[in-house]
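Spelled out, the chains give:
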Amino acid sequence: MIKFNHVYKVFEKDIKALDDVTFSIEKGEFVFLTGPSGAGKTTVFNMLYREETADMGTIFVENTDIFHLAKRKIPFYRRRIGFVFQDFKLLFDRSIFENIALPLTITGAPQEFIKKTVHEAIEKIGLGGKADLNPWHLSGGEKQKTAIARATILNPPFIMADEPTGNLDEESSWQIMNMFGELNSKGTTIMIASHNKEITSRMAKRVIRLESGKVVLS
Amino acid sequence: MIKFNHVYKVFEKDIKALDDVTFSIEKGEFVFLTGPSGAGKTTVFNMLYREETADMGTIFVENTDIFHLAKRKIPFYRRRIGFVFQDFKLLFDRSIFENIALPLTITGAPQEFIKKTVHEAIEKIGLGGKADLNPWHLSGGEKQKTAIARATILNPPFIMADEPTGNLDEESSWQIMNMFGELNSKGTTIMIASHNKEITSRMAKRVIRLESGKVVLS
Amino acid sequence: MRWLKEVFLNFRRSGFMSLISIGTIVLAVTALGGYYLINESIAYTVKRVQQKVEVVVFLHDGLEKEKIDNIITEAKTLPAVADIVFTSKEDAYTEFLKDPDIAGIMKTFDGNPLPDSINVKLKEYSKDNINKIVKFFDSKEGVEDIQYGGSEIDNLINIINVVKMIAGAAGIIFIVSALLVVSNIIKLTVYARRQDIYIFRMIGASESFIRMPFIAEGIVHGFIGGLIGWGLVYGVVTILITQVRKETGIDLAEFYLFSPDFFNIKFMLASIGTGTLLGFTGAIFAQGRLFR
Amino acid sequence: MRWLKEVFLNFRRSGFMSLISIGTIVLAVTALGGYYLINESIAYTVKRVQQKVEVVVFLHDGLEKEKIDNIITEAKTLPAVADIVFTSKEDAYTEFLKDPDIAGIMKTFDGNPLPDSINVKLKEYSKDNINKIVKFFDSKEGVEDIQYGGSEIDNLINIINVVKMIAGAAGIIFIVSALLVVSNIIKLTVYARRQDIYIFRMIGASESFIRMPFIAEGIVHGFIGGLIGWGLVYGVVTILITQVRKETGIDLAEFYLFSPDFFNIKFMLASIGTGTLLGFTGAIFAQGRLFR
Ligand SMILES: Nc1ncnc2c1ncn2[C@@H]1O[C@H](COP(=O)(O)OP(=O)(O)OP(=O)(O)O)[C@@H](O)[C@H]1O
Ligand SMILES: Nc1ncnc2c1ncn2[C@@H]1O[C@H](COP(=O)(O)OP(=O)(O)OP(=O)(O)O)[C@@H](O)[C@H]1O
Ligand SMILES: [Mg+2]
Ligand SMILES: [Mg+2]
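Remember, predicted model here, so these are calculated numbers, not experimental data.

### Here we look at the overall build of chain C
Part 1 of the argument: For chain C, the helix and strand inventory stands at 10 helices and 4 strands.
Part 2 of the argument: Sequence-ordered secondary structure for chain C, helices as α and strands as β, is α-α-β-α-β-α-α-β-α-β-α-α-α-α.
Part 3 of the argument: Burial analysis of chain C (292 residues in total) assigns 46% to the buried set.
Part 4 of the argument: If you take every contact in chain C between residues at least 6 apart in sequence, the share linking residues at least 24 apart comes to 81%.
Part 5 of the argument: On chain C, roughly 15200 Å² of surface is accessible, and the fraction owed to carbon and sulfur atoms is 63%.

### Quick look at the sheet that holds strand 4 (residues 56–61) of chain B
All names here are of chain B.
Part 1 of the argument: Read from one edge to the other, the open sheet built from 4 strands follows the order 2-1-4-5, with strand pairing classed as antiparallel. Each of the sheet's edge strands pairs with one partner strand only, and the pair in question is strand 2 (15–25) and strand 5 (64–65).
Part 2 of the argument: Where strand 4 lies against strand 5, 2 bridges are found, and the strand directions are antiparallel. If you follow Phe60 over to strand 5, its bridge partner there is Asp65.
Part 3 of the argument: Against the sheet, helix 1 (residues 41–48) makes contact with strand 1 (2–11), strand 2 and strand 4, and its axis sits at roughly 115° relative to strand 1, the strand it touches most.

### Description of the interface of chain B and chain D
Part 1 of the argument: Contacts between chain B and chain D engage 16 residues on the former and 14 residues on the latter.
Part 2 of the argument: The largest per-residue losses of area from chain B upon contact with chain D belong to Lys89, Arg94 and Ile106 of chain B, which jointly make up 32% of the total buried on that side.
Part 3 of the argument: Counting every contact that joins chain B to chain D gives 4 residue pairs in polar contact (both at pLDDT 80 or more).
Part 4 of the argument: Among the elements that line the side of chain B that touches chain D, the one with the most residues is helix 3 (residues 96–106) of chain B, at 4 residues.
Part 5 of the argument: Classifying every residue of the side of chain B that touches chain D gives 8 nonpolar, 1 polar and 7 charged.

### Considerations on the coordination of the magnesium ion (ligand 4)
All names here are of chain B.
Part 1 of the argument: Within the protein, the atoms that donate to the magnesium ion (ligand 4) are Thr42 (OG1) and Gln86 (OE1), at distances of 1.9 to 2.3 Å. Pair noted here: Thr42 is in helix 1 and Gln86 is in the loop between strand 6 (81–84) and helix 3, with a separation of 44 residues, a long-range link.
Part 2 of the argument: By relative accessible area, Gln86 is classed as buried at 15%.

### Focus: unusual backbone geometry
Part 1 of the argument: Positive phi is not limited to glycine here, since Asp20 of chain A has a value of about 60°.
Part 2 of the argument: Position of Asp20 of chain A relative to the elements: it lies in strand 2 (residues 15–25).
Part 3 of the argument: The phi torsion at Lys89 of chain B lies on the positive side, around 50°, for a residue other than glycine.
Part 4 of the argument: Relative to the assigned elements, Lys89 of chain B resides in the loop between strand 6 and helix 3.

### Section: the pairing of strand 6 of chain B
Moving residue by residue along a regular strand, the side chains alternate between the two faces of the sheet.
Residue and element names in this part refer to chain B.
Part 1 of the argument: Of the two faces of strand 6, the one holding Ile81 and Phe83 and the one holding Gly82 and Val84 are both buried throughout.
Part 2 of the argument: Two strands pair when backbone bridges link them, and strand 6 and strand 7 (residues 158–162) are joined in this way by 4 bridges, in the parallel orientation. Bridged to Phe83 within strand 7 is Met160.

### Structural notes on the packing of aromatic side chains
Part 1 of the argument: Tallied over the full model, the rule gives 22 aromatic pairs over all chains.
Part 2 of the argument: With 4.6 Å between their ring centres and 15° between their planes, Phe4 of chain B and Phe23 of chain B make a pair best called stacked. Pair noted here: Phe4 of chain B is in strand 1 and Phe23 of chain B is in strand 2, with a separation of 19 residues, a long-range link.
Part 3 of the argument: For Phe23 of chain B, a relative accessible area of 4% translates into the label buried.
Part 4 of the argument: Taking the centre distance of 5.0 Å and the plane angle of 80° together, the rings of Phe136 of chain C and Phe137 of chain C count as edge-to-face.
Part 5 of the argument: Owing to a relative accessible area of 11%, Phe136 of chain C belongs among the buried residues under this scheme.
Part 6 of the argument: Aromatic rings pair up to connect Phe45, Tyr49, Phe83 and Phe85 of chain A into one cluster.
Part 7 of the argument: The ring centre of Phe86 of chain C lies 5.7 Å from the NZ or CZ of Lys65 of chain C, which sits over that ring.

### Points about helix 6 (residues 127–138) of chain D
All names here are of chain D.
Part 1 of the argument: A rise of 1.5 Å per residue sets the reference length of helix 6, with its 12 residues, at 16 Å; its end C-alpha atoms lie 16 Å apart and thus fit the reference within 8%.
Part 2 of the argument: When we look at burial in helix 6, the residues that qualify are Asn129, Ile130, Ile133, Val134, Phe136 and Phe137. Axial view of helix 6: buried residues confined to an arc of 160°, hence all on one face. Among the exposed residues of helix 6, those pointing more than 90 degrees away from its buried face are Lys127, Lys135 and Asp138.

### Looking at the pattern of salt bridges
Part 1 of the argument: For the structure on display, the rule yields 32 salt bridges over all chains.
Part 2 of the argument: Arg202 of chain B is paired through a salt bridge with Glu198 of chain B; the nearest N and O atoms lie 3.7 Å apart. Of the two residues, Arg202 of chain B and Glu198 of chain B both sit in helix 7 (residues 197–203), 4 residues apart, roughly one turn of that helix.
Part 3 of the argument: Overall, Arg202 of chain B belongs to the exposed group, its relative accessible area being 54%.
Part 4 of the argument: Note on Glu198 of chain B: relative accessible area 37%, which makes it partly exposed.
Part 5 of the argument: Here Lys65 of chain D makes a salt bridge to Asp69 of chain D, at a shortest N to O gap of 3.1 Å.

Reading guide: rules and limits
Residues numbered from 1 in each chain as written. Chains lettered and ligands numbered in written order. Predicted model: local features only at pLDDT ≥ 70, side-chain atom pairs only at ≥ 80, totals over all residues. Heavy atoms only, no water. Helix = DSSP H or I, 4+ residues; strand = E, 2+ residues; numbered from the N terminus. Buried < 20%, exposed > 50% of the residue type's maximum accessible area, 1.4 Å probe, protein only. Contact = heavy atoms within 4.5 Å. Areas by Shrake-Rupley, 256 points an atom, 1.4 Å probe, with all protein chains shown as cover. Pairing = 2+ DSSP bridges. Axes fitted to C-alpha atoms, helices over the stretch in contact; angles between N-to-C directions. Buried area = accessible area lost by both parts, 1.4 Å probe. Polar contact = N/O pair within 3.5 Å; in protein donor to acceptor, adjacent residues only side chain to side chain. Nonpolar A, V, L, I, M, F, W, Y, C, P; charged D, E, K, R; others polar. Donors = N, O, S within 2.8 Å, 3.2 Å for Na, K, Ca; no water. Phe/Tyr/Trp six-rings, centres within 6.5 Å; stacked < 30°, edge-to-face > 60°. Lys NZ or Arg CZ within 6 Å of the ring centre and 35° of its normal. Expected span 1.5 Å × (residues − 1). Arc of directions from axis to C-beta. Salt bridge = Lys/Arg side-chain N within 4 Å of Asp/Glu carboxyl O.

See the structure below:
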């Protein structure tokens, strides 16, 4: 399903962000990506998202070499991945509703369907009364929940989340993890970067650990 | 030192962000502010920072009623508080060095002094080789460390940090907490919002807990 | 539909950016429209003045009627000649006497000091045509003098040509500037919304989905700008005509370009078209760089 | 020093924004400069033409020398009169004979058909002065006719006044537009950097620390824009003078405004001053709204 083949990435100033990274994830797996700050977790995601390319090595997703994807196909590739960014990447000039609806808008879904689906999602993350607020007005945790709702609204076959509980209290964190677990049990492949040892150990899922760009556990 | 007196804050849509909040913090204290997502922690900080005003109630800092501070005095008031924002608030068109140097630049410190002080700070947070990079290129944890370095560069008598370890791995988190502890032992008053139960309990410091805008532990 | 909605959303979000964009197009359309009107009006005036240019041929006293008729008949075959009128010295005298001032002077002469003359109207004014006519009459026996108002007009035309050259250069500079400003304003819009665009792209929006609103924005701004620009020119010209009539008694409205007909339909459409084209082109120009 | 550094930093960060800002000022300065030059040159030309206006008084044949001298002496006391020259009919005849064409016509008369005349130069051209002089001579015995080139010039002045009115209105529109564009461009810069400003303020930067760079930016852009604008006008006028000289033989450089002296010092300073003022005013205008 996802296959990293000896992937290298060096940034200016000789920062080896990824150093011979090789691993593979099967369809339907639930994987944690851990490692200290600066280990290369976000870089792994950026490559999977075709935001960055490798200096060496290949990455296959569903048997497609994603570095040889035609440029015009990238948007469609991305729609198959629900991504929760470490810094949320919410649109600050649209409401919570519009932010969560964005992936649906992009695919040209009918208004009625968008309304129904998005309102359901907003209820689910407990932001019922705040649909028309600007993300600016949300607390850190609420922003994160919004980002998660947006990433899952299209029911993508892959969900990747970069530190999705960094801003959440314990209760919310478990709530979100349970959401991911549920999606996973319906067949969604899930990959989550996290520092939270309690969560990663209690969830008892597969852990891929990076340290200074090297895979030390897989 | 810091005194909240029956502070109320209601946002549009009847969101009671702060609901009769009263507490006080003595000079030199180290206090954790905890509570679930949306409890009002950031709102407390925004008021202390004079970014937001209360609907009712007063706040005194060093015996000054901060809501009656003259407008032109606010910048000087803010320079006495080192603030680590939940979303970092780094300048993405300046280098790490320039970001950390900002509070010094604002006060008109001499170039030589800035250079020395900032480079020391950068070494201390372990970003030695990345002084000239743009924050854009940093990992989440590195951004957070930069934000902390900026907040502490002026040696302010108060340090407030909103979820300063949300993006950090355990090791870095303890490193940062030790930094705060060290500053506290030199007399700095410290107030930290955190969800991390492990840290708040292991540090064994005073905890103020908010829930739905109400103080439930103080 | 979505694009139009985006344009309005964007107007709400950053109204004053949209206002500059529209304002710039208004300026450009106003300037181009004004330039066009002035240019055409000058051309029209020059043509009207040129139509009045005649070559006047003075004949020797006592040239026989037959010879004169021969010259006129032959002259009529010249391709440059539109019409020929013969004025006998008696007719000329009678004409002169009608003006009391001149009559006084005329009376001081004994007899009629005026010569016979032939007035030649040109089909089309040009130095070449005048030269041909002058050459023709110069070769004829019995011609005393040939006069034509050409030289002053040629001077005028020279000056007008220089003015036109400057105005033309200014016009080109203006179109280029307008395009630059419009495209840069849209670039600024793009720039101000780079974070949005980045997020859109991250979420999997197609390039056309991202780009179309900006092009729609250019077109809408261009349309509005063109309309306002037309209104401005229309208003200024209307005020101008009124004022000029009041101040000098000259009726500018008789120059066909200032006629309401022209204004109401063709010129409005041209202004809106120019504005829309400017907006569209500006938007296209704005695309290249920031979307790499 | 810091402000200048900020301006340069900002140029590096968003060069094309700065370029629009400078470009707009260049446009404004160029337009204003051009307008001023044309305006002044027209005024200068009108004055020169007016200076040539004379009142010519034709006298009755055989008026006594003594009476003529009396009239001239008295006329010289009029405040509107600058100089008076008497031309006897003999002098006029001699003068006319110098032109071979006219000489031919003159010879067809027997004797000298020309009258004595008095040429009156005006101190300053004005309808009023002309009327006074005409009235004076009209009241004198022995005056046959009074001529002056006033009416054509008055027509010309009427037209020029209308043109000036239009140009003046356009000038005001242009200054206002330039200010709007410049201030909006700076607002855009402010807008694009709103996050930075917010952060600066959060960290405890004083208002002046935040605002100064923008004002410095306006001034620097204005200075550069004014300089370039001056260069453009200078270049265009230089080319213009060369071209006009080549095409029509008219030497525009003899109009004092186009003289190198004027250009090199006063006009350059004025252009830079105008640009800087525009930039500064624009920056000040931009402050109000976004800094609340
Ligand atoms: N564009 C870039 N230019 C230069 N260096 C970069 C760039 N992007 C990432 N890096 C560096 O690569 C290393 C890995 O970064 P990455 O963001 O993948 O870390 P991470 O594992 O996500 O860390 P965190 O848990 O703190 O988010 C870091 O040292 C970072 O500074
Ligand atoms: N400007 C605003 N307009 C409307 N509601 C707001 C605004 N700012 C905050 N709120 C609401 O006030 C409540 C408290 O927000 P606050 O940011 O203080 O929470 P928090 O304790 O910091 O949460 P977190 O741990 O998730 O950051 C939330 O429900 C939030 O949605
Ligand atoms: Mg990361
Ligand atoms: Mg918060």
